[in-house]
Amino acid sequence: MYCNHRNKSISGLQTGPFSPERRTGNAFGRPWFDRPGTVRNACKSRSLLFVLLCCCFLQGYASQPTAVRGVLDLRNTDLSKNVVALDGEWRWYWHQLRKPEQPDAGFEFIRFPQLWNAATWQRQPISAQGYATYSLTVLLPAHSVGLALEVPDQYSTYRLFVNGKVFAQDGTPATTLAETQPHWSTQLVELPATGDTLQLLMQLANFHHAKGGTAQAMRLGERTRLAAVLTMDHALDLFLTGCLFMSGLFFLGLFGFSRTDRAILYYGLFCLIYCYRIVGTHPYVLHTILPDLSWQLTVRFEYLSLYLGVAIFVVYTHTLYPQDTNRKISAVMTWLCVGFAGTVLLLPTVLFTKFMNLFLALMVSYIGYAFYVYWLAAKRHRPGARYSQMSTALLMVVFGLIILQYFGVAMPAKAILFIGYLGFFFLQSLVLAYRFAFALSEARHTEKQFLANMSHEIRTPLNAIIGFSNLLDTAALTGQQQEFVRYIHTAGKNLLTIVNDILDIAKIEAGKLPLEIIPFSIQSLSDSIRTMLLPTAVDKDLQLVVDVDPTLPPVLLGDPTRLTQILLNLLSNAIKFTKQGRVSLRIDQRDVSNGFVRVRFVVQDTGIGIDPGVLPYIFERFRQASDSTTRFYGGTGLGLSIVKSLVELQGGWIRVSSVPGEGSCFTLEIPYEIGKGESDQAATKSLASWKSTGQTLRILVVEDNPMNQKLALSVLSRLGHSAQVAENGEQALEWLQRSTFDLILMDIQMPVMDGYTTTRHIRTTLRKKTPIIAMTAHALASEREQCLQAGMNDFLSKPFLPNDLQQLIRKYVPSGPELEVVAEPERIPVADAASFTMEPLLKVVEGDLFLATQLLELFLSQTIEQLQQIRQVMAVNELNVISQVLHSQKASIKMLGLDKASLQLEEIEALIGAKAAPTLIVARVQTYTLTLEAELPRIESVMLSAVQKLPSA
Ligand code: ADP
């Protein structure tokens, strides 16, 4: 067996005292054997639990003959089928090392096997150290051939004579300490083929161990059968040793490379230490392989490996679940183990072997405690604790069986113990593997979280850099300065693309990239993509062709934002890597079934193509066709990886084919559910038909700035629509709950509830699919992207021109009314010195002089008030308030064409975005207020002169 109970150190537990039942030949209490047909008498009177356990784990049992008064009668036993343990009453000669030919002298009968520690000679207890001779006559069935005897290790050396000749010897038994040489091994000896009687004589001596006498039964049976069983035992031991040794090395290596979890280190050491016990304890495979190993050395290794193994297991358990383990118990147990190990190193064998039973009791208690710790850990959902619990439960079963064996109640089948040990070590390995994987995924999660946060944080200053370079570009610069500014601008934009890509990847990997399922029209989506890319294609003198299958369902259910991202990426690449020729996007309908359609998108170009060696890996991250790609074309190699993930997230696939020098072709297919109602983007059909009845559209304008409100209302009424104003998101939600609108114009920055939040509420809480157009003062791509992600359909830069608004409305309501052609606005003369002119405003209001004067009046009153407010908060550096007020002025100032103030305002916003020093910001705000104030008298005079020109009401 693998554990200490079977090794000499504690084997006294195996047989127990010589009980009265035993004297009378009742085999109760003696060990059973695991080989077929060798099991002794059934345990008749032990508890039901024992019987059940025995039935489950032990081989069948049958009544077997035992030796009575020195004779074992096997004449009626079929030895070809049974292996018989030579248990029972042997003749015993205490303090005599007899030879076979010596005449019989005083002897007593003694149970075999039995320790001297529990025996008496002439009714007096005897010492465990001494020497004796045992003899037994075995009556064999007639013509028995091919028999063998399995002789296990005894305490602590023996010589066995069979029919007068030495047949087996383990060490050297003698009458003095100096002459005796202990040794332990299991031997198989072939018996002579002559005669039907065996005269067994065993000389036994012990001066070196705390226990003396016989510990294990000898077994008689057919040689081939015994040899097969012993070979199997050795094979299982060697196999388990190999497994543990390799596991130990593996976990040590893993710890060496990862240095993350000390539990891995302790478990590796535990495996290595414990693997010694498998071969270094009964049946001592190691001693069979290396018979010359010194007993003094191996017995110390045997005990040390147990003490240190348990110590390491204690530390391991503590490291696994420090919060669930009592530090004191762990420390006491570890030091006790170390103390026991110390006795092995410092004391002679005869002394330190005394402590084994004490240690065993300690160890069993600790295993119980470890089970409690694992149970607690599992209850608290610690990683892998379930496996730990299962493994200790298994260990407890194994030890339970072993304890049954100690008390001679049962002999568990070796295979059961083997499976138990294997299961224990396997489950413990699983615990560590689980922890390792858990720690890895936690680390990955943290890394992704960090990436996502960093990308987000980097975007803010980056927008400021891009914003500033935009501003600089419009200033009067020398040629070289302009070139530098353009470099800054390009580098900033590239960096922003990379940061956005990384953010996308982090989101995809974290599974946090939500996919929308909303109605949309492929036709209008491809139109807007074409509009977006056309300028770049035209710049490069490339033909950009978008061809959409007219039979495609007009409304599909899916995520238009992600589809746009995919197609923009592929088409931008195609344009980027094509010097001449054309870039095309073809959208076809594939299978249509069960309300779903597979849509195929083919993006083809006549560009540089991709090298066949790189093609299979082109969708991998950071993969580019060649090292020079970044140098010549820029990029990071993240785009295609994101595209692939996005396509696959939507249940589709993507392929690429390419011929270097001729071009590339990316083909992808995505399944979409066919929409029955209106598409959010197109909202075409019903609205169009509804429109054709001549009714006007109801439009909700969500805007806090009164000037913008007025502008929107008047433009919309000119377009023939009725409009309702909501001053913030909350009001908008209230309106939407009360009535239905056909379109929503949504400001982004508003008090109470901003445009993004409002849109999300409209889409998720109210579940309304009404098209939403963002009105934004920023034209940054990131903000546009945010608008789309929040669920808006499009965006309009403020201040918007009526024509832009009308185009957008027509995009979503195709049969909307044509804007009546407006006559050229009348020019209002203004003084040459004045920076404000009426022209930009008239352009915005399409020449409506009345509306223009009204807007100017509003602007004047509003601005005077706001400038006062700015001055007040400037004194206390309230940057938040300043920023809000300035933001609300932005659109009006642009609308009035106050370019200088507008530039100053953008600069201030960029400074605030970049978290510049408050003193710097305040200084700029001061300049801005002065600029604006200087304009006010001019604006007023222009307004008054315009009022005079108005036809009197
Ligand atoms: P990036 O364009 O940022 O480098 P992508 O993942 O979008 O990253 O593309 C990876 C690489 O694939 C590109 O660097 C390029 O070498 C190659 N590639 C992608 N599309 C094309 C194309 N249409 N023609 C030629 N090469 C392409």
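Conventions adopted
- Residues numbered from 1 in each chain as written.
- Predicted model: local features only at pLDDT ≥ 70, side-chain atom pairs only at ≥ 80, totals over all residues.
- Heavy atoms only, no water.
- Helix = DSSP H or I, 4+ residues; strand = E, 2+ residues; numbered from the N terminus.
- Expected span 1.5 Å × (residues − 1).
- Bend = angle between axes of the 7 residues up to and from the residue.
- Buried < 20%, exposed > 50% of the residue type's maximum accessible area, 1.4 Å probe, protein only.
- Phe/Tyr/Trp six-rings, centres within 6.5 Å; stacked < 30°, edge-to-face > 60°.
- Lys NZ or Arg CZ within 6 Å of the ring centre and 35° of its normal.
- Near = heavy atom within 4 Å.
- Polar contact = N/O pair within 3.5 Å; in protein donor to acceptor, adjacent residues only side chain to side chain.
- Nonpolar A, V, L, I, M, F, W, Y, C, P; charged D, E, K, R; others polar.
- Pairing = 2+ DSSP bridges.
- Contact = heavy atoms within 4.5 Å.
- Axes fitted to C-alpha atoms, helices over the stretch in contact; angles between N-to-C directions.
- Right-handed = clockwise from strand over helix to strand, strands pointing away.
- pLDDT = per-residue confidence, 0-100.
- Core = buried A, V, L, I, M, F, W, Y, C linked by side-chain atoms within 4.5 Å.
- 1 Å grid on protein atoms, 1.4 Å probe; cavity = no way out; pocket = protein on both sides within 12 Å on 5 of 7 lines; lining within 4 Å.
- Points joined across faces, edges and corners; volume = space filled by probe spheres on them.
- UniProt positions renumbered as here; feature names shortened; annotations may be inferred.

Q: What is the right way to look at helix H26 (residues 879-895) in this model?
A: Along an α-helix, residues three or four positions apart point the same way, because every turn accommodates 3.6 residues. The end-to-end C-alpha separation of H26 is 25 Å, in line with the 24 Å expected for 17 residues at 1.5 Å each. Maximum bend of H26: about 35 degrees, positioned at Gln889. With respect to burial, H26 is a largely interior element, twelve of its 17 residues being buried. Every buried residue belonging to H26 is among Leu879, Ile882, Val885, Leu886, His887, Ser888, Gln889, Lys890, Ala891, Ser892, Ile893 and Met895, and all of these are buried.

Q: Explanation requested: the packing of aromatic side chains in the structure shown.
A: Note on aromatic pairs: each is described by the distance of the centres and the angle between the planes. Under the definition given, this model contains 38 aromatic pairs. Note on Tyr93 and Phe107: the rings are 5.7 Å apart at their centroids and 55 degrees apart in plane angle, and the pair reads as tilted. A residue pair is termed long-range when its members are at least 10 positions apart, and Tyr93 in strand S3 (residues 88-94) and Phe107 in the loop between S3 and strand S4 (108-112) qualify at 14 residues. Residues Phe270 and Phe313 carry aromatic rings whose centres are separated by 5.3 Å and whose planes lie at 45 degrees to one another, so their mutual orientation is tilted. Remark: Phe313 occurs in helix H7 (residues 295-320) and Phe270 occurs in helix H5 (residues 262-280); sequence separation between them is 43 residues. Across from the ring centre of Trp735, 4.7 Å away, lies the NZ or CZ of Arg738, which sits over that ring.

Q: Just to check I follow, could you spell out the site of the ligand for this structure?
A: In the neighbourhood of the ligand, 21 residues make up the surrounding shell, with Asn573, Asp605, Gln624, Ala625 and Leu640 lying closest. At 2.8 Å from a nitrogen atom of the ligand is found a side-chain nitrogen or oxygen belonging to Asp605. In this structure, a nitrogen atom belonging to the ligand sits 3.3 Å away from a side-chain N or O atom of Ser664. Where the shell around the ligand is concerned, the elements lending two or more residues are helix H15 (560-576), helix H17 (639-649) and strand S20 (663-674). For the shell around the ligand, the element with the most residues is H15, which contributes four residues. Residue composition of the shell around the ligand, by class: eight nonpolar, ten polar and three charged.

Q: Looking at this structure, how should I read the sheet that holds strand S8 (residues 147-151)?
A: Think of a sheet as strands paired side by side through backbone hydrogen bonds, with each pair either parallel or antiparallel. Strand order in the open sheet formed by four strands is S2-S13-S8-S11, and the pairing between neighbours is antiparallel. The sheet is open, and its two borders are formed by strand S2 (84-85) and strand S11 (187-190), each paired with just one other strand. Inspection of the sheet shows S8 paired to strand S13 (residues 219-222) by four bridges, in the antiparallel sense. Counterpart to Glu150 in the pairing with S13 is Arg219. Along the sheet, helix H4 (residues 223-258) contacts S8, S11 and S13; its crossing angle with S13, the most-contacted strand, is approximately 115 degrees.

Q: Teacher, can you tell me more about the pairing of strand S22 (residues 722-726) here?
A: Moving residue by residue along a regular strand, the side chains alternate between the two faces of the sheet. Taken together, the five bridges between strand S21 (residues 698-702) and S22 define a ladder with parallel strand orientation. Residue pairing across strands places Leu700 opposite Gln724, the latter belonging to S22. On the question of chirality, the crossover connecting S21 to the parallel S22 by way of helix H19 (residues 706-718) is right-handed.

Q: What is the right way to look at the confidence of the model for the protein chain in this model?
A: In low-pLDDT regions, the fine details of the predicted coordinates are not to be read closely. Across the protein chain, the average pLDDT comes to 81, with 84% of residues at or above 70. In this model, residues 1-62 is a region of pLDDT below 50 whose contacts with residues beyond four sequence positions or in other chains number 207 contacts. Confidence over residues 678-695 falls short of pLDDT 50; this stretch has 53 contacts with residues more than four positions distant or in other chains.

Q: I keep staring at the nonpolar core and nothing clicks. Help me out?
A: General note: in soluble globular proteins, nonpolar side chains tend to be found buried as a group. Within the largest apolar cluster, 67 residues are counted, with the highest numbers of intra-cluster contacts made by Tyr316 and Phe425. When contributions to this core are tallied by element, the ones reaching two or more residues are H4, H5, H7, helix H8 (327-346), helix H10 (356-379), helix H11 (385-406) and helix H12 (414-474). With near-sequence residues (within four places) excluded, Tyr316 lies in contact with Ala263, Tyr266, Tyr267, Tyr374, Gln428, Val431 and Leu432. Judged by nonpolar contacts, the second largest core, of 60 residues, contains Leu697, Ile699, Leu805 and Phe859.

Q: Is there a simple way to think about empty space enclosed by the protein in this case?
A: Sizing a probe to match a water molecule and rolling it over the atoms shows the empty space that remains. Under the defined criterion, the tally for this structure stands at three cavities of 30 Å³ or more. In this structure, the second largest cavity encloses a volume near 180 Å³. Surrounding the second largest cavity, 14 residues form its lining, Phe270, Tyr274, Val310, Leu395 and Phe399 being those nearest its centre. Considering each element in turn, the lining of the second largest cavity owes the most residues, four residues, to H7. Split by residue class, the lining of the second largest cavity holds 13 nonpolar, one polar and no charged.

Q: Got a minute to help me understand the UniProt feature "modified residue: Phosphohistidine" (unreviewed entry) in the protein chain in this structure?
A: UniProt's feature table lists "modified residue: Phosphohistidine" (unreviewed entry) at His887, given in the numbering used throughout. Among the secondary structure elements, His887 is positioned in helix H26. Taking relative accessible area as the criterion, His887 reaches 12% and is therefore assigned buried.

Q: Is there a simple way to explain the environment of Val299 in this structure?
A: Checked against the element boundaries, Val299 lands in helix H7. The exposure class assigned to Val299 is buried, which follows from its relative accessible area of 1%. In this structure, the C-alpha to C-alpha distance between Val299 and Thr281, residues 18 residues apart in sequence, is 9.0 Å. When residues no more than four places from it in sequence are discounted, the contact partners of Val299 are Trp184, Thr349 and Phe352.

Q: Would you explain H19 in this entry?
A: A rise of 1.5 Å per residue sets the reference length of H19, with its 13 residues, at 18 Å; its end C-alpha atoms lie 18 Å apart and thus fit the reference within 8%. In the stretch just after H19, Gly720 is the one whose phi turns positive, near 90 degrees.

Q: Help me understand the pairing of S21 in this model?
A: In terms of residue burial, S21 counts as a mostly covered element, since four of its five residues are buried. Relative to strand S23 (residues 743-747), S21 runs parallel, the two sharing four bridges. Following the sheet pairing, Val701 is matched in S23 by Leu745.

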